[in-house]
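# Remarks on the overall topology
Next come the chains, spelled out residue by residue.
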Amino acid sequence: MSLLNNLISKASQLSIFDKQPTEKRLSKDELFCNEYHISQGETIVDECAAELAIENSFNKNFPEVPLESNLSQLRFLSGKVYLSQHFLIFRDTYDRQSGCLKLHLSMVKQLKRLPSRNYLFLLSILTYNDLRITIQFVGIRSHCEQFSYNLKTCLTKNLKATPELVPFLETLYSEFLLSKNGSSRMDIVTPPPGGLGLIFKFPGDPVKLQNRIKTKAWWNYLKRNGRNLCINFDKSFLRLINVGLPNRLRGEIWELSCGSIYDRYMNSHEYTDLLAKNQGKSSIAIDEIEKDLYRSLPEYNAYQNPEGINRLRRVLTAYSWKNPEIGYCQAMNIVVAAMLIYMSEDQAYWCLDKLCGQIIPGYYSKTMYGVLLDQKVFESLVEKTLPMMHQHFNKHDIQLSIVSLPWFMSLFLNTMPLIYAFRIMDIFFLNGPKTLLQVALAVVKINGEKLLECEDDGECIAVFKDFFHSLDEHIPDIHYKNKTRFQELLVVAFREFSHISDETFVQYRTKNRNEVISGIESYLKKAQLRKLPKTPNLKEEHLSNVYDRYVSVLNNNYVEVGSDSSVMNFKMFAKFMDGLVDWINLEEKENIAQQKSFLIKLFKNWRSDEETGLTLENIAVGMNKLMEHDLMTSISNFFEIYDVNGTGKVDRDGILQISEDLIFLTTPWRDGYLFDEITNKAIESKIAEKIVEKRKNFDSSDEISIPSEMNFDKEKWVHEQSQRYLSLTSNFLHRAFEYALPEEENVDLIELEESEGSEKKSVIANPALNPSAPVYLNLPTFRMVVLADETSELFFTRTFKQSIHLDQKVEKGSTNVRDLFNNILADGRRVAVEVRRRINSDHTSRSSEKSQGSNTGAYNEEDDDFTANDNNEDNDYLLNNAEANVLNDSIPVEKGDKAFLQHIDHQIGSDQEGEKVIDF
Amino acid sequence: MSSNKQITAVKLVLLGEAAVGKSSLVLRFVSNDFQENKEPTIGAAFLTQRCTIGDKTIKYEIWDTAGQERFQSLAPMYYRNAQAALVVYDVTKPKSFIKARHWVNELHEQASKNIIIALCGNKYDIVESEDNDVSTENEDDDSRKRKVSVQEGQTLADDEGLLFFETSAKTGFNVNEVFTTIGKHIPEATSSENAAGQERVDLTNRLDSSSTESTCQC
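Described below are features of the structure shown in this document. Every value quoted in this text rests on a predicted model; they were computed, and no experiment measured them.

### Topic: the environment of A:Pro203
Residues and elements named next belong to chain A. One can find Pro203 in the loop between helix H6 (197-200) and helix H7 (211-225). Sequence separation between Pro203 and Pro417 is 214 residues, and the spatial gap between their C-alpha atoms is 9.8 Å. For Pro203, the residues in contact, after removing those within four places along its chain, are Leu209, Tyr300, Ile341, Tyr342, Ile419 and Phe422.

Rendered as structure tokens:
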């Protein structure tokens, strides 16, 4: 027997793991919490196969522990017990519906180990609500011992929650009901607080709804199976729910079914505390709530009355403070207004929390992905279960999800008459979101014939509207004799669509998840990009890449995609920049401090206020600054990064920081990872020289072929460039201090010091070198210092932008020195121009006319780019021209740079491509 | 109304920030009514209204969308295949005008090419008196309730090729004119011209399928 049980429980465990093929696989503990509707965070402390018997011990003569002789008469269920921090849960393994005990440890009044008999290990638990539970463990002795030890430990830890127990039980109608009818040891005189229905009447006629009979049935059930914090759910629980809950118990059974009762018990003061803490504060959510207060179930009297409105306001507001990510979403007002008819504020608050957090997550979130996903699931299920309907909808381009969205969002509350919607809610809280799907499918199925005649969305909406308003009508059909349409709906929904299980739901959600999320993502992307201010230095493609990168960095931290309230903190920003620019590589530990210090400055420079991080707009505007095309603006943008206080001055520390940052920012060029224009020109010129040398008797009419590879002294170029960048920094430092202006206000101080001691005199002679003499750089001086050096001027004009890879979707490019050389060859046009220039200048004297003639003949669009250079007849082309070009802006740099990346692949692949042929 | 007349069905969508009066405009147009407290629009509400303009009858199929920010990603479901759009802002709320601008941009980018867009500055009743009062002409006056000038609205409309109105759902000012003008701009519907799904033409005299439907003589 025990072996069999073990096997069964193992098998059932396995199936738990198999049923969640979600992307993010839930842990065993998470599954456990979801399955038993207890709050996330509980973990399974221990589990053991066991047999369990539950009896009501209210009878005065009932022994506290079962007598040995009676044991054989007990009706044992066999299954498994789980122990978590606050719960003892038993589930029947054979039939999941026949028994499920949920016991909050606070309810344990007494725990006793029974004298062992036949090697059986028995525990007896007596609860505050008069249940006597006998557990007979199945398994090896040591495990049983361990389990009972763990149980004891958890009980001890839980002791401090117990004082809250009695006041909590007094808020529950079930306790009052039993106490009133003399079936409980508790003595509760005052009825507990309840919903607005107590004041404003519950919807529907209580006689017609058989309220009394239902209450009595529940009284019987609760007496036998326990209630609230310790209750056994068996088949009749579901049956009682299916016939509709009695008014006074409805709220409590809702919170019990969905599990919010446990959250309320364990956080008994949160609701009032939260309201008190945030009193008088305002928020966007509150404004939105105010707008809708009078528009929530306006047909119900309470919501024309301050009492009802105030309760609704308080619950919605409190929740918006608890969960600012959701805040307030229209439809929540309707759901909460409905709950408040049957529930106290505290109950409704926790029930709403459970709803948004665990039952229908994402329904009311900022992107509403949950409800959109379930519309997709619904449409897929219509396709699968009602293919004819699906075809019809497709044919006429009817979007069912447009119609069904409000059903799901408002849990049918604004769709059907309230009394019926509440019946659906009764089942929904117990069975979860699949209930909504089952009902929606049934609605479509029942109206199938009429819907097949509809040719557009509007007509469908009319059919549904008619149907929902005729739910109380009797059906003439013979099968449904004397049944109302609503009863038909229940039968179809929960019998014909009973195969829509949680597993099916999860499966369909997983299947459609990516499509829905990417749909929302691409919509939000477009919408967000549309909202951005103009960024003239960034191409559309650049912005798109910036957005993708931004979102991908955020996604690691937020489940919610593209939420527009999301901002980047510094850590995310660093991740964003990592690899996007050549000078940030977070894996490079050597200069990590330097990288971070620069990033912090950039971060502070880009954000709009000190409180928050970077928004997408901040990033786009910031990137636009980095990519600035205009030299002067580019310099002043850079200056601003160091002008932290916005005074227009950068002090001594700032100057030193700039120079340090310049060293690290120029790393890609110093290491020969990138070549700047000067180096490129020099190499091109060298290649041209070689080609010309090889073919001394060149005639300008000859074709120039550029070899695909050439031997270079690569080290030499890298070294030369590296030197140039080192001197850039040292020149900067030197010039910056040379031209730095003394801080005038402090001049007096220096003079004072001077009169005090004369040993500093020689230093003071040059205030810039005196570390104690404050100096500063203003923008004009900074500009002058930058422009004084050719490499640095070029750096701000174009070079720096080389290191920013906004056009790359992939991570860091793996360009190396060899590629750079090959690339110069690949972009043969420029070399060819250089060759042509050299030949032309050699030949000018003897055949100028001829060469010019053929030049015009071969004139084409590509060559057009070089005409500006052609005018420059200077033989000493190399450096002068580079400089001239910086000023004239006439070199087709962008083309060159692009070719840089594009041609690498071509080059490696085929020799033919390498042979660029240019006609003269 | 002659029974043989063609009825052109026009799908029209209302967009705009929350609480600018989208639903109220529709209610005024469809039922000539005004209500202070209406149930909020979840997703979107659907209403129809017939309108006779000259010799043609137009059946407006109106999708009145929810204005709350987070519902915006649903909008494409509703403006899909729409022939006309009403972008509404509140003349007393500059933010709603910015939002209107976003909607216009989105429609131009995403909606049907030939969509007719009307820009509506609603709640004209609030500013009507100060507009007529010459003494408060000073534009910079903060106490003025009007925060979006007629000129701003007109400029946006001119730049983007929109119809432009200032309306009041409360008093009914200009409301029917909006719909009539849109109707006049709807191209004469002949089935051969229609791209599939772009326009729906109701050639038969089908029974009114919607309970909200009524008729109006504009």
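### Quick look at the environment of A:Ser522
Residues and elements named next belong to chain A. Residue placement: Ser522 occurs in helix H24 (residues 502-531). Judged by its relative accessible area of 36%, Ser522 is partly exposed. Along the chain, Ser522 and Asp548 lie 26 residues apart, while their C-alpha atoms are 9.9 Å from each other. A polar side-chain atom of Ser522 sits 3.3 Å from the main-chain carbonyl oxygen of Gly519.

### Some remarks on the interface of chain B and chain A
Listed by partner, the interface residues are 38 residues for chain B and 44 residues for chain A. Buried surface at the junction of chain B and chain A, both sides included, amounts to about 3,600 Å², of which 53% is carbon and sulfur. Note that B:Glu109 is salt-bridged to A:Arg530, the shortest N-O span being 3.4 Å. Looking at the side of chain B that touches chain A, the elements that each hand over two or more residues are strand S3 (56-65), helix H2 (75-79) and helix H3 (94-110) of chain B. In terms of residues, the side of chain B that touches chain A owes the most to one element, H3(B), which gives six residues. Taken together, the residues of the side of chain B that touches chain A break down into 14 nonpolar, 14 polar and ten charged.

### Regarding the sheet that holds strand S6 (residues 121-127) of chain A
Residue and element names in this part refer to chain A. Across the sheet, nine strands lie side by side as S5-S6-S7-S1-S2-S3-S4-S9-S8; this open sheet has antiparallel pairing. Both edges of this open sheet fall to strand S5 (108-113) and strand S8 (226-227), since each of them pairs with a single strand only. Helix H3 (residues 141-158) contacts strand S1 (44-56), strand S2 (77-84), strand S3 (87-92), strand S4 (100-104), S5, S6 and strand S7 (131-137) of the sheet and is inclined by roughly 85 degrees relative to S1.

Scoring rules and cut-offs
Residues numbered from 1 in each chain as written. Chains lettered and ligands numbered in written order. Predicted model: local features only at pLDDT ≥ 70, side-chain atom pairs only at ≥ 80, totals over all residues. Heavy atoms only, no water. Helix = DSSP H or I, 4+ residues; strand = E, 2+ residues; numbered from the N terminus. Contact = heavy atoms within 4.5 Å. Buried < 20%, exposed > 50% of the residue type's maximum accessible area, 1.4 Å probe, protein only. Polar contact = N/O pair within 3.5 Å; in protein donor to acceptor, adjacent residues only side chain to side chain. Buried area = accessible area lost by both parts, 1.4 Å probe. Salt bridge = Lys/Arg side-chain N within 4 Å of Asp/Glu carboxyl O. Nonpolar A, V, L, I, M, F, W, Y, C, P; charged D, E, K, R; others polar. Pairing = 2+ DSSP bridges. Axes fitted to C-alpha atoms, helices over the stretch in contact; angles between N-to-C directions.

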